[in-house]
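# Structure assessment
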Number of protein chains: 2
Amino acid sequence: MNFEKILNERIELVNERLKAYLKPQYPEVIYEAMGYSVFAGGKRLRPLLLLGACEAAGGDLEEALGFACAIEMIHTYTLINDDLPAMDNDDFRRGKPTCHKAFSEDIAILAGDGLLNLGFETMLSDAVSKGDLKYTKAALTVGELCGVKGTIGGQVVDLLSEEKKADEETLLYIHKAKTSALIQAALKAGAIIGGADEKTLSEFDEIGYKLGIAFQIKDDILDITSTTEVLGKPVGSDDKNGKSTYVSVFGFEKANEDYLKLSREVCELLDKFGEKGAFLRTYAEKLIDRVN
Amino acid sequence: MNFEKILNERIELVNERLKAYLKPQYPEVIYEAMGYSVFAGGKRLRPLLLLGACEAAGGDLEEALGFACAIEMIHTYTLINDDLPAMDNDDFRRGKPTCHKAFSEDIAILAGDGLLNLGFETMLSDAVSKGDLKYTKAALTVGELCGVKGTIGGQVVDLLSEEKKADEETLLYIHKAKTSALIQAALKAGAIIGGADEKTLSEFDEIGYKLGIAFQIKDDILDITSTTEVLGKPVGSDDKNGKSTYVSVFGFEKANEDYLKLSREVCELLDKFGEKGAFLRTYAEKLIDRVN
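Starting afresh in each chain, residues are numbered from 1 along the sequence in its written order. Chains carry letters from A onward and ligands carry numbers from 1 onward, assigned in written order. Confidence filtering applies because this is a predicted model: local features only for residues at pLDDT of at least 70, side-chain atom pairs given and counted only at 80 or more, and all residues used for totals across whole chains, interfaces and linings. Where side-chain values are given, they derive from all heavy atoms of the structure, hydrogens and water being excluded.

Turning next to the overall build of chain A. In terms of helices and strands, chain A carries 15 helices and 2 strands. On C-alpha atoms alone, chain A measures out to a radius of gyration of 18 Å, which is about the 19 Å that the 2.2 N^0.38 rule sets for 292 residues. Along the first, second and third principal axes, the C-alpha atoms of chain A reach 50 × 50 × 35 Å. Counted over contacts in chain A with a minimum sequence separation of 6, partners at least 24 positions apart contribute 73%. Numbering of helices and strands starts at the N terminus; helices are DSSP runs of H or I of at least 4 residues and strands are runs of E of at least 2. With the radius of gyration taken over C-alpha atoms, the globule rule is written as 2.2 Å times the number of residues to the power 0.38. We call two residues in contact whenever any of their non-hydrogen atoms come within 4.5 Å of each other.

Right, let's talk about the packing of helix H6 (residues 105-130) of chain A against helix H7 (residues 133-146) of chain B for a bit. Axis lines are fitted to C-alpha atoms, over the contacting stretch for helices. Their N-to-C directions set the angle, which ranges from 0 to 180 degrees. It is at 9 Å that the axes of H6 of chain A and H7 of chain B come closest, and there the two elements cross at 145°. At the point where H6 of chain A passes H7 of chain B, the crossing takes the left-handed sense. Of the residues in H7 of chain B, those in contact with Asn117, Glu121, Leu124, Ser125, Ala127 and Val128 of chain A of H6 of chain A are Leu133, Thr136, Lys137, Ala139, Leu140, Gly143, Glu144 and Cys146 of chain B. Under this grouping Gly is polar, as are all residues other than the nonpolar Ala, Val, Leu, Ile, Met, Phe, Trp, Tyr, Cys and Pro and the charged Asp, Glu, Lys and Arg. For the contact of H6 of chain A with H7 of chain B, a count of residues per class yields 7 nonpolar, 4 polar and 3 charged. What makes a crossing left-handed is the near helix being turned counterclockwise from the far one by less than a right angle; a clockwise turn instead makes it right-handed.

All names here are of chain A. Secondary-structure assignment places Thr141 in helix H7 (residues 133-146). Burial classes: relative accessible area under 20% of the type maximum marks a residue as buried, over 50% as exposed, and values in between as partly exposed (1.4 Å probe, protein chains only). Residue classification places Thr141 among the buried positions, given a relative accessible area of 12%. What Thr141 contacts, discounting residues up to four positions off in sequence, is Lys188 and Ile192.

Here we come to the packing of aromatic side chains. When the centres of two rings from Phe, Tyr and Trp lie within 6.5 Å, Trp using its six-membered ring, the rings pair. Their planes under 30 degrees apart give stacked, over 60 give edge-to-face, and anything left gives tilted. Scanning all chains against the criterion turns up 15 aromatic pairs over all chains. Considering the side-chain rings of Phe204 of chain A and Phe273 of chain A, the 5.0 Å spacing of their centres and the 25° angle between planes classify their relative orientation as stacked. Of this pair, Phe204 of chain A sits in helix H10 (residues 198-225) while Phe273 of chain A is found in the loop between helix H14 (252-271) and helix H15 (278-289), placing the two residues 69 residues apart along the sequence. For the pair formed by Phe204 of chain A and Phe273 of chain A, the shared burial category is buried. Connected via pairs of aromatic rings, a cluster forms that spans Phe3, Phe279 and Tyr283 of chain A. A ring has a charge above it when a Lys NZ or an Arg CZ is no more than 6 Å from the ring centre and no more than 35 degrees off the ring normal. When the ring centre of Phe279 of chain B is taken as reference, the NZ or CZ atom of Arg10 of chain B above it lies at 4.2 Å.

Its rotation angle being 180°, the transformation that places chain A on chain B also includes 0.0 Å of axial translation and leaves an RMSD of 0.0 Å. What the rotation and shift describe, once combined, is the action of a two-fold rotation axis. C-alpha atoms of residues with pLDDT of at least 70 in both copies form the basis for the least-squares superposition of the copies.

Take the residue count of a helix, subtract one, and multiply by 1.5 Å to get its expected span. Helix length check: helix H14 (residues 252-271) of chain B (20 residues) gives 29 Å between terminal C-alpha atoms against 28 Å at 1.5 Å per residue, within 8%. Looking at the buried side of H14 of chain B, the elements it contacts are helix H10 (198-225), helix H13 (246-250) and helix H15 (278-289) of chain B.

Contact with chain A, which involves 49 residues of that partner, is made by 49 residues of chain B. Two parts placed together each lose some accessible area under a 1.4 Å probe, and the buried area is that loss summed for both. For the chain A and chain B pair, buried surface summed over both sides reaches about 4200 Å², with 76% attributable to carbon and sulfur atoms. We define a salt bridge as a contact between a side-chain nitrogen of Lys or Arg and a carboxyl oxygen of Asp or Glu at a distance within 4 Å. At the boundary of chain A and chain B, one finds 2 salt bridges. As used in this structure description, the phrase polar contact means that two N or O atoms lie within 3.5 Å; if the pair is within protein, one of them must be able to donate a hydrogen and the other to accept it, and residues adjacent in sequence are counted only when both atoms belong to side chains. Where chain A touches chain B, the interface holds 5 residue pairs in polar contact (both at pLDDT 80 or more).

This paragraph deals with the nonpolar core. Core analysis: the biggest nonpolar cluster contains 194 residues, and Leu49 and Phe204 of chain A together with Leu49 and Phe204 of chain B have the highest contact counts within it. For Leu49 of chain A, the residues in contact, after removing those within four places along its chain, are Ile183, Ala186, Leu187, Leu211, Leu280, Tyr283 and Leu287 of chain A. As used here, the term nonpolar core means buried Ala, Val, Leu, Ile, Met, Phe, Trp, Tyr and Cys residues forming a set that is joined through side-chain atoms within 4.5 Å.

Next up on the list: the packing of helix H4 (residues 61-83) of chain B against helix H9 (residues 168-193) of chain B. Residues and elements named next belong to chain B. Remark: H4 packs on H9, axes separated minimally by 9 Å, with the N-to-C direction vectors making an angle of 170°. The angle between the axes of H4 and H9 places the two elements in the roughly antiparallel class. Regarding H4 and H9, the two cross each other, and that crossing is right-handed. Note on element contacts: H9 touches H4 through Lys178, Leu182, Ala185, Ala186, Ala189 and Ile193, opposite Glu63, Ala64, Phe67, Ile71, Ile74, His75 and Asp82. Here the angle decides the label: under 35 degrees means roughly parallel, over 145 means roughly antiparallel, 65 to 115 means roughly perpendicular, and every other value means oblique.

Pairing between side chains of opposite charge can happen when their charged atoms approach one another. Under the criterion given, the structure shown has 44 salt bridges over all chains. Note that Glu198 of chain B and Lys137 of chain B form a salt bridge whose closest N and O atoms lie 3.0 Å from each other. A residue pair is termed long-range when its members are at least 10 positions apart, and Glu198 of chain B in helix H10 and Lys137 of chain B in helix H7 qualify at 61 residues. Residue Lys210 of chain B pairs with Glu206 of chain B through a salt bridge whose shortest N-O separation is 2.8 Å. With Lys210 of chain B and Glu206 of chain B both in helix H10, this residue pair falls 4 residues apart, about one helical turn. Overlapping salt bridges, with partners in common, bring together Asp82, Asp158, Lys178 and Lys243 of chain A in one network.

Pro27 of chain A follows Tyr26 of chain A through a cis peptide bond whose omega is -10°. Unusually for a residue other than glycine, Arg44 of chain A sits at a positive phi of about 60°. For Arg94 of chain B, which is not glycine, the phi torsion reads 50° and is therefore positive. By the secondary structure assignment, Arg94 of chain B is in the loop between strand S1 (92-93) and strand S2 (96-97).

Let us now look at a negative patch on the surface. Patch construction takes residues with relative accessible area above 30% that form no salt bridge. Like charges are linked within 9 Å, and nonpolar side chains (Val, Leu, Ile, Met, Phe, Trp, Tyr) are linked within 5 Å. Areas reported as accessible are Shrake-Rupley estimates using a 1.4 Å probe. Residue values count occlusion only from the protein chains shown. For this count, His and the chain ends are skipped, Lys and Arg are scored as positive, and Asp and Glu as negative. By convention, charge coordinates are those of NZ in Lys, CZ in Arg, CG in Asp, or CD in Glu. A surface patch of like charges, here negative, comprises Asp88, Asp90, Asp91, Glu162 and Glu163 of chain A. Overall, the relative accessible area of 40% leaves Glu162 of chain A in the partly exposed class.

Looking now at the environment of Asp238 of chain A. Mapped onto the elements of the fold, Asp238 of chain A is located in helix H12 (residues 237-240). Dropping the residues within four chain positions of it, Asp238 of chain A is found in contact with Asp220, Asp223, Lys243 and Thr245 of chain A.

Residues and elements named next belong to chain A. Looking at the element boundaries, Arg290 is found in the segment after H15. Overall, Arg290 belongs to the buried group, its relative accessible area being 11%. Sequence spacing of Arg290 and Phe215 is 75 residues, and the spatial spacing of their C-alpha atoms is 9.0 Å. Residues within four places of Arg290 in sequence aside, it is in contact with Phe215, Lys218, Asp219 and Leu222.

Interpreting fine coordinate detail is not advised for predicted regions of low pLDDT. On a range of 0 to 100, pLDDT expresses the predictor's confidence in each residue. In this model, chain A carries a mean pLDDT of 94, and residues with pLDDT of at least 70 account for 96%. The ipTM assigned to the predicted complex is 0.96, against a pTM of 0.96.

Put simply, a disulfide is two cysteine sulfurs that come within 2.5 Å. The tally for this structure, following the rule as stated, stands at 0 disulfides over all chains. Cys54 of chain A provides the cysteine sulfur closest to Cys69 of chain A, a residue in no disulfide bond, and the two sulfurs are 13 Å apart. Here Cys99 of chain B is not cross-linked by a disulfide; its sulfur's nearest cysteine counterpart is in Cys146 of chain B, at 19 Å.

Let us now look at helix H9 (residues 168-193) of chain A. All names here are of chain A. For H9, spanning 26 residues, the distance from its first C-alpha to its last is 35 Å, which sits close to the expected 38 Å at 1.5 Å a residue. Two axes define the bend at a residue: one fitted to the seven residues ending there, one fitted to the seven starting there, and the bend is the angle between them. Approximately 45° is the largest bend angle found in H9, and it occurs at Ser180. Across the 26 residues that make up H9, a large majority, 21, are buried.

Printed below as a string of structure tokens:
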């Protein structure tokens, strides 16, 4: 398998389809604002996981492409919102002005709503045109994991925990809801479209949870051990912002142990899918081992 | 038909179900903020239209109750957003502090997202549990009409038109997208669940469009001709806020003529449904003839 070649082809597939969904029409500014944030340099992590899970479950990638784009729209709306003045009040993301800086705050809020809504429209449109209830089930899975019981709830608890040290339970809730939930959504939706049975779905639920937590611990570790040059953002920013992290709550040693244990378990779970799961396994491994 | 009795029974049905959907769980504050705005005194207009359309199309009300609640959640999220400091910056709605005043701006934004998401979750959950693709189709119809091609697009154009006189085309776009779209969504989703054929659906599309515009013209006329006491808010506020209205763009005489013509057409279209459409017809008539 030429992993890098397949990776780039899939990113290209997703980007082309996203461009089609976001083609400006009246009133243009809202499409421009949505497109600005979607094309501000995302790695397409969640779409790639969704496509990989569909493939691992035995499905056809083309069938899952709409959902792959939908999950990226939903992920992007969470970033636009997190950056708003009333939330983290960030002027830059990935070195570019945030949506409310490049446009205005009202347009950024509407672009966020627009992307969340368009994510659901895209999934529902596929579900209706393909006429198979499995797409509706996949959309419900995404909806539940990105709502108040998932991503939104995670953001609420994260806001409430600012400027005070979170306890272990609270920190795990935030990581699970803010990071794992959307990864679980991507994997499970892809697997459902790929035709996975209930047992396989619960495996993907576990993979998504563990991959999300491992990913987040790695983030917290890199914030301490990396250099500003490699990371592309200031190191030690979590500490400076008074943000509780896996490392500050559990200590460096346990963080590193848990990270290694979760990573090993994710890879073992993915091994079961054999050749069909080869892309997803390699991609997950690279996510876990990343240096920035 | 004892209209008032049926009306109150249906409102009660919707409220009870909404309470169940919004029952607080961890993290409680987001449920409290969503519930605060949903129960801040809405007339349940869109749920009643949705239930009435389901009935007119020959369906069972109970089948449409989840969708009736979903459309109210989506309507409420648009109100929370419209009131935000970055939008209309309103401190009060229906005499009560707006969501960002009663809670905080970050929680209000997340409560808005939460309600939009929960609206889709509710529709998708019904679609999966009932196992009938017509619910997925109804959810797509709602999604399309409340997205960037509908409600959100309308809000964008409304913001862009502030402080300048809108031309006829722009004003009609705003009224269609901001007011008619969600009414069309309610009627069409209800009709789809009720089993309507394509021809009936396009009639409901027309009814929704005309009812929405008539409703909005009435709003604009009342803002001039009513009294603060009857209206429950200051008269002449549109003019004071530099807001273009149907009356300021088309003149009072044409506004009144169009209002009467559209109202007549809505009633004629609803007459076709006979006894099954009796509730919906009476309700639409009362909406059009309202004094506040």
